[in-house]
Amino acid sequence: FFFFFKQKTAYEMLRSLVGSEMCIRDSNKSMELLFRGNHNQGILALEAHLQKHPNDANSWRLLGKLHQDNDQDQRAVSCLIQSIKLNPQNLDTLLALGISCTNILDEVKAMNYIKHWILNNPAYAQKIPIDPTIIPEERIDGDFKMEEIRQYNGRMIDLFSQAANLNPNDPDLLSCLAVLHFIARDYEKSLMCFRNALQFDTNNYSLWNKLGATLAHLGRADEAIDAYQKALDLKPNYVRCWVNLGIACGFKKQHNEAVRFYLNALSLNPEARHIWSYLHTEFTCMERFDLLAKSRARRVEEFTDEFEIINFNDLPQPEVDYKVSNAQYLIKAQAENWQKEFEGQIQ
């Protein structure tokens, strides 16, 4: 996995902030960055905090989820693993690991984290029989045959279906079940679970994005775009969703739109360098080899003469204030309590 502490540029940026208006030593400013939706600067503040306080599981978890939103699952997994080592029973971290491991196609580990989610969840652990060996822990780093993966997946789906019968109104449980169906490539059932989850958590921008991604896998690009747009209405700085919009438009052969969405994503998070490969594909489809050559410099500003590219300050206001949304879906705790704890550690 990629460990962010090896990024020289991030450290240099941190040093440049010292003494400035957004100085990371000012703890109030550190949290305000997140509450204003400035995730990139918030990530830098958290990295600085964790260099001084590496045993802060909650900050590792938050940093991992910010990387998820920024479409950087490898970094997310690295941070979330640090968090789960320090707090092995945190449900939000376990679910986030299940999602990111699914995204990087590490499916057995994804299912194992989801297994631990239900094993540690008091709403289910004492109410339904759960076999902890349903995914063999001792083999988790080994290789698996496709048939073995299908068997593990089938058992997990049976287990989570039992739990859903017990509590059909739990959006996190329904998300777990949706991910398990997604791993099984049963996208219709995954879609149904995400739709059901949204009935109980309508403002969850991440659920809208996952709904869109599932629709996209079913070839329903127009519906996927509608779901992505809803996610961006709720959280305009959601880099992963800008990327998914680009993928959907590329599928529809709307290459100019796809390029614009990818460039928007890179404008919001220049560290997501894998997006340049998506742009190369679009430029090739457009037979715009001049743009392909220009993209080798990896500078978004080189394309402003032909494409309208947003930056963070151009984004519309979210339907749900960033402070409210981040407190509910990223911090996942009483925001005031977490802020007080964070400030006490960073001072």
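Quick caveat: nothing in here was measured; it's all calculated off a predicted structure.

Trainee: How should I be thinking about the side chain of Arg240 in this particular structure?
Mentor: Along the chain, the position of Arg240 falls in helix H13 (residues 239-251). On the basis of relative accessibility, which here comes to 8%, the residue Arg240 falls in the buried class. For Arg240, the side chain forms a polar contact with the side chain of Asp73, separated by 2.2 Å.

Trainee: Can you walk me through the packing of helix H8 (residues 146-166) against helix H9 (residues 171-183) in this structure?
Mentor: Between two packed helices, both the angle of their axes relative to each other and the distance between the axes serve to describe the pair. At their nearest, the axes of H8 and H9 sit 10 Å apart, and the two run at 155° to each other. If you check the angle between H8 and H9, you find them roughly antiparallel. The handedness of the crossing between H8 and H9 is left-handed. In this structure, H8 uses Asn153, Met156, Ile157, Phe160, Ser161, Ala163 and Ala164 to contact H9, whose residues at the interface are Leu173, Cys176, Leu177, Leu180, His181 and Ile183. For the contact of H8 with H9, the residue count by class is 10 nonpolar, three polar and no charged.

Trainee: Before we go on, may I ask you to explain the pattern of salt bridges in this structure?
Mentor: Close approach of charged atoms allows side chains with opposite charge to pair. This structure, assessed with the given rule, holds 23 salt bridges. Taking the shortest distance from any N to any O, the salt bridge between Arg288 and Glu306 comes out at 2.6 Å. Taken together, the residues span a long stretch of sequence, with Arg288 in the loop between helix H15 (275-285) and helix H16 (289-294) and Glu306 in the loop between H16 and helix H17 (322-331) at a distance of 18 residues. Here Glu302 ties to Arg299 by a salt bridge, and the two come within 3.4 Å at their closest N and O atoms. Among the residues examined, Glu302 registers a relative accessible area of 31% and is labelled partly exposed. Within the structure, one salt-bridge network assembled from shared partners comprises Glu188, Arg195, Arg220 and Glu223.

Trainee: Explain unusual backbone geometry to me, please; I cannot follow it from the model alone.
Mentor: Leaving glycine aside, a negative phi is the common case for residues, and trans is the common case for peptide bonds. Residue Arg185 is not a glycine yet carries a positive backbone phi of 65°. For Arg185, the location among the structural elements is in the loop between H9 and helix H10 (187-200). Residue classification places Arg185 among the partly exposed residues on the basis of a relative accessible area of 46%. Residues other than glycine seldom take positive phi values, yet Arg298 does so here, at roughly 55°. Take Arg298: it is sitting in the loop between H16 and H17.

What counts, and where the lines are drawn
- Residues numbered from 1 in each chain as written.
- Predicted model: local features only at pLDDT ≥ 70, side-chain atom pairs only at ≥ 80, totals over all residues.
- Heavy atoms only, no water.
- Helix = DSSP H or I, 4+ residues; strand = E, 2+ residues; numbered from the N terminus.
- Buried < 20%, exposed > 50% of the residue type's maximum accessible area, 1.4 Å probe, protein only.
- Polar contact = N/O pair within 3.5 Å; in protein donor to acceptor, adjacent residues only side chain to side chain.
- Axes fitted to C-alpha atoms, helices over the stretch in contact; angles between N-to-C directions.
- Parallel < 35°, antiparallel > 145°, perpendicular 65-115°, else oblique.
- Left-handed = near helix turned anticlockwise from the far one by under 90°.
- Contact = heavy atoms within 4.5 Å.
- Nonpolar A, V, L, I, M, F, W, Y, C, P; charged D, E, K, R; others polar.
- Salt bridge = Lys/Arg side-chain N within 4 Å of Asp/Glu carboxyl O.

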